[in-house]
Amino acid sequence: MDSRDYILLEELYSAQNYHPLDAVLTKGKGIWVWDVEGRKYLDFLSGYSAVNQGHCHPRLIKVVKDQAKRLTLTSRAFRNDQWPLLAKELCDLTGFDMVLPMNSGAESIETAIKTARKWAYKVKGVPKDKAEIIACANNFHGRTVTIVSFSTESLYRNDFGPFTPGFVVIPYGDIDALRQAITPYTAAFLVEPVQAEAGILIPPPGYLREAKRICAENNVLFIADEIQTGLGRTGRLFACDHEEVRPDMVVIGKSLGGGYYPVSATLSTRQILGVFKPGEHGSTFGGNPLACAVAREALRIIQEEKLIENAAVAGSYLLDRLKKIKSRHIKEVRGLGLLIGIELKPEAGGARRFCEELKKDGLLCRETHENVIRFAPPLIIKQKDLSWAYKRIKKVFKQLS
Ligand SMILES: *Cc1c(COP(=O)(O)O)cnc(C)c1O
């Protein structure tokens, strides 16, 4: 079978809820992936930051094999010898007191929402069923009905109603809007420190710090969605660290599973996550020993291979170079660490055609929304490979000008 055959099968049998680039991948190693014809590509997306450690990391292969032979799933009806260690290691790494494990990012966002609501009723004293959560326009927090209830993207919402009430949406980066939206019923403010899916939107300097201060002043929980930005992507452990902001709750996922396994978690203090009693929330696969063994190794790799430091250094190198590209199509180049976006002018004909062209040159990346090309290579990438990628990006901009 060749690429065309696989594509035809997928078109025929798969729900068409994605519009992938036509690279049919079959193998990955580090920053590289290969398609079924043996063509080699540099992965400049990293599974939306789920593969920060690079593809098929040898240490993860070993851990997966060892743990797969020993024990994979207990459910939390019983205890296992991996979850307590992951829980402690996550708290040691992040400075939080407690953690609740899930699988997908969306599930851990749901966890944060449920936690904030319960906290509002049990601790803050909000009247029953009145809790409000403030979110930002252009947010992306996942795909469940509750989460798309406060999305402002019609594509994510159309025909999926009726929606979950209890959410208020304000403009992103607008501190006055936050101040005005808070009421005595406000439980939490849920925010992405960088809006990646919206097009790598970085809020104005001081925004997160001021938002956190206003939340604290009003006894409102500040919840950071660091599913994509966390664990090093932006050159700090958390993107909030750039402003020395300590959220009340942090949600992580994606690279926590090292590209091997869906693992997500909600981190917080004892006062907040302590609101849960047995049976009130859970997941069959959440905290399973295979997931935990993978996540423990994924975290060790991030630390021991200094991926956070590399994201900072390599990211600013790439950003500097990209900013030097002269093209009438480019509106702005922006980024933080190795999360970088090139926003094109509306008349550039959309980001997709640039991604298609880059693919022909061996670089896999994706547009986000119409006009932004997103670059997010694995955090293990070296300068020489970035410079390889840069040459191709520069060439494609020349070609399409
Ligand atoms: C990917 C992502 C999610 C959702 O994670 P899933 O694992 O796809 O459910 C939520 N928030 C942000 C910021 C993300 O990037």
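What counts, and at which threshold
Residues numbered from 1 in each chain as written. Predicted model: local features only at pLDDT ≥ 70, side-chain atom pairs only at ≥ 80, totals over all residues. Heavy atoms only, no water. Patch = residues over 30% accessible without salt bridge, like charges linked within 9 Å, V, L, I, M, F, W, Y side chains within 5 Å. Areas by Shrake-Rupley, 256 points an atom, 1.4 Å probe, with all protein chains shown as cover. Salt bridge = Lys/Arg side-chain N within 4 Å of Asp/Glu carboxyl O. Helix = DSSP H or I, 4+ residues; strand = E, 2+ residues; numbered from the N terminus. Buried < 20%, exposed > 50% of the residue type's maximum accessible area, 1.4 Å probe, protein only. Near = heavy atom within 4 Å. Polar contact = N/O pair within 3.5 Å; in protein donor to acceptor, adjacent residues only side chain to side chain. Nonpolar A, V, L, I, M, F, W, Y, C, P; charged D, E, K, R; others polar. Pairing = 2+ DSSP bridges. Axes fitted to C-alpha atoms, helices over the stretch in contact; angles between N-to-C directions. Parallel < 35°, antiparallel > 145°, perpendicular 65-115°, else oblique. Left-handed = near helix turned anticlockwise from the far one by under 90°. Contact = heavy atoms within 4.5 Å. Phe/Tyr/Trp six-rings, centres within 6.5 Å; stacked < 30°, edge-to-face > 60°.

Enquirer: Any chance you could explain a nonpolar patch on the surface here in plain terms?
Expert: Together, Met1, Tyr6, Leu9, Leu12 and Tyr13 line one region of the surface with nonpolar side chains, adding up to about 610 Å² of accessible area. With respect to the helices, strands and loops of the structure, Leu9 is situated in helix H1 (residues 3–13). Judged by its relative accessible area of 40%, Leu9 falls in the partly exposed class.

Enquirer: Mind showing me how you'd approach the pattern of salt bridges here?
Expert: The final tally for this structure, using the stated rule, is 25 salt bridges. Arg59 is paired through a salt bridge with Glu297; the nearest N and O atoms lie 2.8 Å apart. Within this pair, whereas Arg59 is found in helix H3 (residues 58–70), its partner Glu297 is found in helix H11 (residues 289–304), the two being separated by 238 residues in sequence. Given the relative accessible area of 25%, Arg59 is considered partly exposed. A salt bridge links Glu89 to Arg296; the shortest N-O distance between them is 2.9 Å. In this pair, Glu89 sits in helix H4 (residues 83–94) while Arg296 sits in helix H11, placing the two residues 207 residues apart along the sequence. For Glu89, a relative accessible area of 24% gives the class partly exposed. Using a relative accessible area of 13% as the deciding quantity, one classes Arg296 as buried. Connected through shared salt-bridge partners, Asp176, Arg179, Glu210, Arg213 and Glu217 make up one network.

Enquirer: When you look at the site of the ligand in this model, what are you seeing that I'm missing?
Expert: The ligand sits among Ser104, Gly105, Ala106, Phe140, His141, Gly142, Glu192, Asp225, Ile227, Gln228 and Lys254. Separating an oxygen atom of the ligand from a backbone N or O atom of Gly105 is a distance of 2.8 Å. When isolated, the ligand has an accessible area of 380 Å², and the protein chains bury 81% of it. Among the residues making up the shell around the ligand, the classes are represented as 3 nonpolar, 5 polar and 3 charged.

Enquirer: What's the story with the pairing of strand S5 (residues 132–136) in this structure? I'm lost.
Expert: Each regular strand displays side chains that alternate between the two surfaces of the sheet. Of all 5 residues making up S5, 5 are buried, and the element is well covered by its neighbours. The alternating pattern of S5 places Glu132, Ile134 and Cys136 and Ile133 and Ala135 on opposite faces, both of which are buried. Summarising the sheet, S5 and strand S7 (residues 186–191) pair through 3 bridges and their orientation is parallel. Each bridged residue has a counterpart across the sheet, and for Glu132 the counterpart in S7 is Thr186. Of the strand pairs in this sheet, S5 and strand S6 (residues 167–170) are connected by 4 bridges, and their pairing is parallel. Bridging across to S6, Ala135 finds its partner in Val169.

Enquirer: Honestly, the packing of helix H13 (residues 352–360) against helix H14 (residues 383–399) in this entry has me stumped. Any pointers?
Expert: In a packed pair of helices, the relevant descriptors are the angle between the two axes and the axis-to-axis distance. The N-to-C vectors of H13 and H14 enclose an angle of 125°; their axes lie 10 Å apart at closest approach. One element, H13, and the other, H14, form an angle in the oblique class. Crossing geometry of H13 relative to H14 is assigned as right-handed. Contact residues: Phe354, Glu357 and Leu358 in H13; Arg392, Ile393, Val396, Phe397 and Gln399 in H14.

Enquirer: Just checking my understanding: could you explain unusual backbone geometry for this structure?
Expert: Here Gly161 and Pro162 are connected by a cis peptide whose omega angle stands at 0°. With phi around 55°, Lys306 is a residue other than glycine that occupies positive phi space. Within the element layout of this structure, Lys306 appears in the loop between H11 and helix H12 (307–323). Unusually for a residue other than glycine, His369 sits at a positive phi of about 55°. Assignment of secondary structure puts His369 in the loop between strand S14 (366–368) and strand S15 (372–375). Residue His369 is classed as partly exposed on the basis of its relative accessible area of 41%.

Enquirer: How should I be thinking about the packing of aromatic side chains in this particular structure?
Expert: The description of an aromatic ring pair uses the distance of the two centres, along with the angle that the planes make with each other. Taken as a whole, this structure holds 7 aromatic pairs when the rule is applied. Ring centres of Phe150 and Phe167 lie 4.3 Å apart, and the angle between their planes is 35°; this geometry places the pair in the tilted category. Taken as a pair, Phe150 in the loop between helix H6 (145–148) and helix H7 (154–157) and Phe167 in strand S6 lie far apart in primary sequence, 17 residues in all. You'll find Phe150 and Phe167 in the same group, each marked buried.

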